[in-house]
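Coordinate inspection notes
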Amino acid sequence: MSKIIKPYKDSEATKKTQVADMFNNISKNYDGLNRIMTFGIDIKWRKKVVAIIKASQPKNILDIATGTGDLAIMESQEIPSANIIGLDISSGMLEVGKKKIKDLSLDRNIEMVLGDSENIPYEDNFFDAITVSYGVRNFEDLNKGLQEINRVLKPGGTFVVLETSIPTKFPFKQGYQLHSKILLPLIGKLFSKDQTAYSYLSESANSFPYGEKFNAILRENGFKNIVDTPVTLGVSTIYTAMK
């Protein structure tokens, strides 16, 4: 990205610190608002991500920026033999996720870990598959984060990213802009105690390098066999890559 976008423009704190604080602030109502703002379609997108990694029956999976664990839970339900690590820098989001996982009796399969995507606390070539849903745009240093992911992924391992993108065709492009720039911040202000969080999520989504631009960044950081698959008219994209 050409510039670093932070949640709190009047703060001197690093983006990493601000992102952690922001998600701590909105963790309690994040799941509910997320379902409202995506009309629940994000569940279908995550299922597509799980189907991609399930094909290779991975034993060790890392879900980065796991948040409240939605994707990690789906992975465990679809691949019950896998050991799954959910990594996130927000303790608030992890606590919500831990309760969900315990309620589903999946705590033997999923471990929620407080950690940084740019300094992953695992050895080289450790994971068979790594996933990130709506998290890479929150990395403070995108290249460093991708290099760390490449380091801990086994050779031949699968890396899947689900991230926002912008539709290119009329009227979907205009509808997306209306939703992301007006409705998303408005809903956030009405229902979240953090007035700026959803404005940041909108701004970061609109500035993220999607499609071939992100493919090129993946290649530059050691990934190959990259395929980008737009979903729901291009409002998000699933990127699949290998080490």
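Before going into details, it helps to say that this report is about the structure given with it.

**Notes on the overall build of the protein chain**
- When helices and strands are counted, the protein chain shows nine helices and seven strands.
- Over its C-alpha trace the protein chain gives a radius of gyration of 17 Å, about what one expects of a compact globule, namely 18 Å for 243 residues.
- Counting only contacts in the protein chain whose residues sit at least 6 apart along the sequence, the fraction spanning at least 24 positions is 71%.
- Carbon and sulfur atoms make up 56% of the accessible area of the protein chain, which amounts to about 11400 Å² in all.

**Topic: the pattern of salt bridges**
- Under the counting rule described, the total for this entry stands at 14 salt bridges.
- Where Asp116 meets Lys16, a salt bridge forms, and the shortest distance between an N and an O atom there is 2.8 Å. Taken together, the residues Asp116 in the loop between strand E3 (110-114) and strand E4 (127-133) and Lys16 in helix H1 (residues 15-26) connect sequence positions 100 residues apart.
- Given a relative accessible area of 23%, Lys16 falls into the partly exposed group.
- Close ionic contact of Glu148 with Arg151 constitutes a salt bridge, the shortest N to O distance being 2.7 Å. Here the residue Glu148 and the residue Arg151 both occupy positions in helix H6 (residues 142-152), the gap between them amounting to three residues, near one helical turn.

**Section: the packing of helix H3 (residues 41-54) against helix H4 (residues 70-78)**
- Two elements in contact, H3 and H4, have axes separated by 10 Å at closest approach and are oriented at 50°. The angle between H3 and H4 falls in the class oblique. By crossing handedness, the relation of H3 to H4 is classed as right-handed. Residues Ile43, Arg46, Lys47, Val49, Val50, Ile53 and Lys54 of H3 touch H4, and the partners they reach there are Asp70, Leu71, Met74, Glu75 and Glu78.
- Residue classes in the contact of H3 with H4 are distributed as six nonpolar, no polar and six charged.

**Comments concerning the sheet that holds strand E7 (residues 236-242)**
- Spatial ordering of the open sheet is given by E3-E2-E1-E4-E5-E7-E6, a layout of seven strands whose pairing is mixed. Of all the strands in the sheet, just E3 and strand E6 (224-231) have a single pairing partner and so form its edges. The average undirected angle you get between the axes of adjacent strands in this sheet is 15°.
- By the bridge criterion, four bridges tie strand E1 (residues 60-64) to E4 in an arrangement that is parallel. Opposite Ile64, over in E4, you have Val132 as the bridge partner.
- With respect to the sheet, H4 is in contact with E1, strand E2 (83-88), E3 and E4, its orientation differing from that of E1 by roughly 160°.
- Each of E1, E4 and strand E5 (153-164) is contacted by H6, which is oriented at about 145° to E5, the strand it contacts most.

**Section: the nonpolar core**
- Ile149, Phe159 and Phe214 are the most contacted members of the largest nonpolar core, which totals 27 residues.
- At the level of elements, E1, E2, E4, H6, E5, helix H9 (212-220) and E7 are the ones that each hand at least two residues to this core.
- Looking at this core, the element that brings in the most residues is H6, giving four residues.
- Excluding its chain neighbours within four sequence positions, the residues that come into contact with Phe214 are Val136, Leu142, Leu146, Val161, Phe208, Pro209 and Tyr239.

Criteria and thresholds
- Residues numbered from 1 in each chain as written.
- Predicted model: local features only at pLDDT ≥ 70, side-chain atom pairs only at ≥ 80, totals over all residues.
- Heavy atoms only, no water.
- Helix = DSSP H or I, 4+ residues; strand = E, 2+ residues; numbered from the N terminus.
- Rg over C-alpha atoms; globule rule 2.2 N^0.38 Å.
- Contact = heavy atoms within 4.5 Å.
- Areas by Shrake-Rupley, 256 points an atom, 1.4 Å probe, with all protein chains shown as cover.
- Salt bridge = Lys/Arg side-chain N within 4 Å of Asp/Glu carboxyl O.
- Buried < 20%, exposed > 50% of the residue type's maximum accessible area, 1.4 Å probe, protein only.
- Axes fitted to C-alpha atoms, helices over the stretch in contact; angles between N-to-C directions.
- Parallel < 35°, antiparallel > 145°, perpendicular 65-115°, else oblique.
- Left-handed = near helix turned anticlockwise from the far one by under 90°.
- Nonpolar A, V, L, I, M, F, W, Y, C, P; charged D, E, K, R; others polar.
- Pairing = 2+ DSSP bridges.
- Core = buried A, V, L, I, M, F, W, Y, C linked by side-chain atoms within 4.5 Å.

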